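Observations on the model geometry
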Amino acid sequence: MASVPSRAALLQLYSNTLRTSKSFSSYNFRNYFIRRTRDTFKSIQNEQDPDKLTRFYDEASKELEVLRRAALINGMYGGQKLVVEREGAVRLRGDT
Amino acid sequence: MLSRSISRQVVRNHIRCVASTSVEFRRSFVSPSSTDRASVTDVGPAVVRQIQEDMFAPRADMLGFKLDVQPQAKNSSDLKARPIYLDMQATTPLDPRVLDAMLPYYTDMYGNPHSRTHAYGWEAEKAVDEARQYVADLIGADQKDIVFTSGATESNNMAIKGVARFHKEKKRHIITTQTEHKCVLDSCRKLSEEGFDVTYLPVQPNGVISLHELEAAIRPDTCLVSIMAVNNETGVIQPLKEIGAIVRKHRGVYFHTDAAQAVGKINIDVDAMNIDLMSISGHKIYGPKGVGAAYVRRRPRVRLEPIINGGGQERGLRSGTLPSTLVIGLGEACRIAKHEMARDHAHVSALADRLIKGISAKVDHVVRNGDPNGYPGCVNLSFAYVEGESLLMALKEVALSSGSACTSASLEPSYVLRALGAAEDMAHSSLRFGMGRFTTEAEIDFVTEKIVATVNRLRDMSPLWEMVQEGIDISSIDWSQH
Ligand SMILES: Cc1ncc(COP(=O)(O)O)c(C=O)c1O
């Protein structure tokens, strides 16, 4: 098993996952993965247990790979605008 | 060996070069063919007309609606935006993570999971076994108890007809409820044609059955009690644990639950709830359409007569090659659902609250149908003095349903709402708001705004509403005299 992830490594993983989440073309998927990424990384912010941190890091890294592929495919086939998006980005960007 | 293959490669490349240059010599981007050499085959006007008719003319069953042909839709910015999807009980979007798990099995790993003699079969079988484990984990079952099917409709048919027909020599009675999904009711109707007795339990005004009535309905010749977990129109949750305890007291009576709308959304444990048979659907839990599962308890063993006979796959209960890719998608959807259930539930609860508060703050005479403690992702509201269908027609920017997907095409009021005791006009004026994992707060705010505006506009046009405003009690009017 890999050694305990450093704080910098976790932050790096967080920003990569967030960036990938933002790259989904479909409004609903994009917003979900942004919300979920923030949620999950916040939940381990104060985690001290090295075992839990390691497990979290491994799982989140695997998930990042999944999201990267999924976002690419989503960009190829999805992403037609929804009526909420047309109303103005201002309203949506509140949670971004 | 090595040198031979290299030299062959060189020769082949050489040939290819020659071939392509000779083609380019004749035609390239900068040398258009001269008019005399251009040859267009005239297919004749009749053929063209035929093609146009086949491809673009509205069919008779499209009721005059036209098909918007929008190839490459997302690239042009002036296209119509897609409506907001609030119909999660009809179907849910496929989670992108599920699609990612499926794609390898639509490309290189296409083996038949039942092939025992080569790696293609083994890898597919291994993935199917993993999927089976994920489905089992979500409902507290053993993986050997899971039978893959084409969906909840097939699972319901298999469980209800299967158990009844297997025990038909000694037992001829089935109990179900009035608010079940059409496929359960129709399976029961078929069995009553075959000579079985079916009791359709009524529900209380909140949509929940009475446990006393259930207990009283069980007879010595009852073989099956089939009661759904979460209702697809109202979100009402039946007390599965209490029902399971009652059914377990009676030897030889099996408990089946249609959990298509429940699995992955609320906690289900087949042992704690004494469930003997259960139906699961893939496309209600962010998985693919066309796949589902049946839980069939092995200890104590539930015996049933299979509907589909053949090669003996799935313990002989459902023969036919497993659609491994779909099964893997269902498994991944279940794995994610187990992981995300708490977060999804909290999210959907907050959205439901927001929707109900937002609408009732600005519209009067709104009634919520069904038990408010049901599944929050399904909110069924009746807007008095407004016709549900006209409301739907006016709400072009929201994809909603006025009832279950299968009955929404008819103009009959929902039988589920009627069973709850809703008056016909209230059943007519209901809308079902189905929210899920991917629904956002901004969408709920948008929909709330549209609903408020539309309901108020429709009411302003309604003579009934005018009378209500003047204090006339509409229900006291004898319409037949007019
Ligand atoms: C409660 C219930 N049972 C069964 C079904 C049918 O499921 P499937 O489409 O997987 O056959 C549905 C969906 O319409 C449902 O809501």
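This one's a predicted model, so the numbers in the text were calculated from it and none came from an experiment.

Each value, and the rule that gives it
- Residues numbered from 1 in each chain as written.
- Chains lettered and ligands numbered in written order.
- Predicted model: local features only at pLDDT ≥ 70, side-chain atom pairs only at ≥ 80, totals over all residues.
- Heavy atoms only, no water.
- Helix = DSSP H or I, 4+ residues; strand = E, 2+ residues; numbered from the N terminus.
- Buried < 20%, exposed > 50% of the residue type's maximum accessible area, 1.4 Å probe, protein only.
- Contact = heavy atoms within 4.5 Å.
- Areas by Shrake-Rupley, 256 points an atom, 1.4 Å probe, with all protein chains shown as cover.
- Pairing = 2+ DSSP bridges.
- Core = buried A, V, L, I, M, F, W, Y, C linked by side-chain atoms within 4.5 Å.
- Buried area = accessible area lost by both parts, 1.4 Å probe.
- Salt bridge = Lys/Arg side-chain N within 4 Å of Asp/Glu carboxyl O.
- 1 Å grid on protein atoms, 1.4 Å probe; cavity = no way out; pocket = protein on both sides within 12 Å on 5 of 7 lines; lining within 4 Å.
- Points joined across faces, edges and corners; volume = space filled by probe spheres on them.
- Domains from an automatic or database assignment.
- Axes fitted to C-alpha atoms, helices over the stretch in contact; angles between N-to-C directions.
- Expected span 1.5 Å × (residues − 1).
- Parallel < 35°, antiparallel > 145°, perpendicular 65-115°, else oblique.
- Left-handed = near helix turned anticlockwise from the far one by under 90°.
- Nonpolar A, V, L, I, M, F, W, Y, C, P; charged D, E, K, R; others polar.
- Near = heavy atom within 4 Å.
- Polar contact = N/O pair within 3.5 Å; in protein donor to acceptor, adjacent residues only side chain to side chain.
- pLDDT = per-residue confidence, 0-100.

1. Side note on the overall build of chain B
Check the secondary structure of chain B and you find 14 helices and twelve strands. Relative to its 482 residues, chain B shows a buried fraction of 48%. In chain B, the share of contacts with a sequence separation of at least 24, taken over all contacts with a separation of at least 6, comes to 72%. As presented, chain B carries roughly 24600 Å² of accessible surface, and 55% of it is formed by carbon and sulfur atoms.

2. Considerations on the overall build of chain A
Check the secondary structure of chain A and you find five helices and zero strands. The order of helices and strands in chain A, counted from the N terminus, is α-α-α-α-α. Counting every position in chain A, which comprises 96 residues, the buried fraction comes to 44%. A separation threshold of at least 6 residues defines the contact pool for chain A, and within that pool the share at least 24 residues apart is 73%. For chain A, the exposed surface amounts to about 5700 Å²; the carbon and sulfur share of it is 53%.

3. Remarks on the pairing of strand S2 (residues 146-149) of chain B
Residue and element names in this part refer to chain B. Along S2, one buried face is formed by Ile146 and Phe148 and the opposite face, lined by Val147 and Thr149, is buried too. Across four bridges, the pairing between S2 and strand S8 (residues 292-296) is antiparallel. Bridging from a neighbouring strand, Val147 pairs with Ala294 of S8.

4. Quick word on the nonpolar core
The biggest cluster of nonpolar side chains holds 57 residues, and the ones touching the most others in it are Ile139, Ile146, Phe148, Leu214, Ile268, Ile275 and Met278 of chain B. The element that contributes the greatest number of residues to this core is helix H9 (residues 324-362) of chain B, accounting for nine residues. The residues touching Leu214 of chain B, leaving out its near neighbours within four places in the chain, are Ile175, Leu201, Ile209, Val225, Ile227, Ile243 and Ile246 of chain B. Of all hydrophobic cores here, the second largest spans 32 residues; its members include Leu82 of chain A together with Ile359, Val398 and Leu431 of chain B.

5. Considering the interface of chain A and chain B
Taken residue by residue, the interface counts 30 residues in chain A and 30 residues in chain B. It is Tyr32, Gln80 and Val83 of chain A that lose the most area in chain A upon contact with chain B, and together they represent 25% of the buried surface on that side. Here chain A is connected to chain B by three salt bridges. Between Arg69 of chain A and Asp100 of chain B there is a salt bridge, with the nearest N and O atoms lying 2.7 Å from each other.

6. Topic: the layout of surface pockets
If you add up the space inside the second largest pocket, you get close to 790 Å³. Around the second largest pocket sit 31 residues that line it, and Ser26, Phe29 and Gly79 of chain A together with Arg82 and Pro93 of chain B are the ones nearest its centre. Secondary structure elements with two or more residues in the lining of the second largest pocket: helix H2 (27-43) and helix H3 (50-77) of chain A together with strand S1 (84-85) and helix H3 (96-102) of chain B. Take the lining of the second largest pocket: its biggest share by element is four residues, from H3 of chain A. Composition of the lining of the second largest pocket by domain shows at least three residues from each of domain 1 (96-337) and domain 2 (341-470) of chain B.

7. What to know about the sheet that holds strand S6 (residues 254-258) of chain B
Residue and element names in this part refer to chain B. Spatial strand order, S2-S8-S7-S6-S5-S3-S4: seven strands in an open sheet with mixed pairing. Across the chains shown, the open sheet's two edge strands, defined by having one partner strand only, are S2 and strand S4 (197-201). Ignoring strand direction, the axes of neighbouring strands in this sheet form an average angle of 20°. In this fold helix H5 (residues 152-166) packs onto S2, strand S3 (173-177), strand S5 (222-226), S6, strand S7 (277-281) and S8, with an angle of close to 165° to the strand it touches most, S7.

8. Some details on the domain arrangement of chain B
Residues and elements named next belong to chain B. By the assigned domains, chain B splits into domain 1 (96-337) and domain 2 (341-470). The centre of domain 1, based on its C-alpha atoms, is set 30 Å off from the matching centre of domain 2. Contact residues are listed per partner, giving 30 residues for domain 1 and 24 residues for domain 2. Both faces considered, domain 1 and domain 2 share a buried interface measuring about 2300 Å² in area, 58% of it formed by carbon and sulfur atoms.

9. A short note on helix H6 (residues 182-193) of chain B
Residue and element names in this part refer to chain B. For H6, built from twelve residues, the straight-helix expectation of 16 Å at 1.5 Å per residue is met to within 8% by its first-to-last C-alpha distance of 16 Å. Where H6 is concerned, the buried positions are Cys183, Val184, Leu185, Ser187, Cys188 and Leu191. Residues of H6 that are buried sit in contact with H5, S3, S4, S5, S6 and helix H11 (415-419).

10. With respect to the packing of helix H1 (residues 7-22) of chain A against H3 of chain A
All names here are of chain A. Packing of H1 against H3 brings their axes to within 10 Å, and their N-to-C directions diverge by 25°. Taken together, the axes of H1 and H3 are roughly parallel relative to one another. For H1 against H3, the interelement crossing comes out left-handed. For the pair formed by H1 and H3, the contact residues are Ala9, Leu10, Leu13, Asn16, Thr17, Thr20 and Ser21 on the first element and Leu53, Phe56, Tyr57, Ala60, Ser61, Leu64, Leu67, Arg68 and Ala71 on the second. Looking at side-chain class alone, the contact of H1 with H3 contains ten nonpolar, five polar and one charged residues.

11. A word on helix H4 (residues 119-139) of chain B
Residue and element names in this part refer to chain B. For H4, spanning 21 residues, the distance from its first C-alpha to its last is 31 Å, which sits close to the expected 30 Å at 1.5 Å a residue. Buried within H4 we find Gly121, Ala124, Ala127, Val128, Ala131, Arg132, Val135, Ala136, Leu138 and Ile139. Lining the buried residues of H4 we find S2, S7, S8 and H9. Trailing H4 by a residue or two, Gly140 shows a phi angle of about 70°, which is positive.

12. Thoughts on the site of the ligand
Residues and elements named next belong to chain B. Taken together, 14 residues sit near the ligand, with Thr153, Asp258, Gln261, Ser281 and Lys284 positioned nearest. A distance of 2.6 Å separates an oxygen atom of the ligand from a polar atom in the side chain of Thr153. A distance of 2.6 Å separates an oxygen atom of the ligand from a polar side-chain atom of Ser281. Burial of the ligand by the protein chains amounts to 86% of its free accessible area of 400 Å². For the shell around the ligand, the leading source of residues is H5, giving three residues. Looking at the shell around the ligand residue by residue, the class counts come to four nonpolar, eight polar and two charged.

13. A closer look at the confidence of the model for chain B
Should pLDDT be low for a region, the predicted coordinates there are not to be read in detail. All names here are of chain B. Chain-level pLDDT for chain B is 86 on average; 80% of the residues reach the 70-or-more range. Under a pLDDT of 50 for its full length, residues 1-33 has, in the predicted model, two contacts with residues more than four places off or in other chains. Overall, residues 69-78 carries pLDDT values under 50, and its contacts beyond four positions in sequence, including any with other chains, amount to ten contacts.

14. Examining the sheet that holds strand S12 (residues 430-434) of chain B
All names here are of chain B. Here we have three strands laid out as an open sheet, ordered S9-S10-S12, and antiparallel in their pairing. Since the sheet does not close on itself, it has two edges, and those belong to strand S9 (366-368) and S12, each with one partner. Direction aside, the axes of adjacent strands within the sheet are offset by 30° on average. Two elements, strand S10 (residues 378-383) and S12, share five bridges in a ladder whose sense is antiparallel. Bridge pairing links Ser382 to Ser430 in S12.

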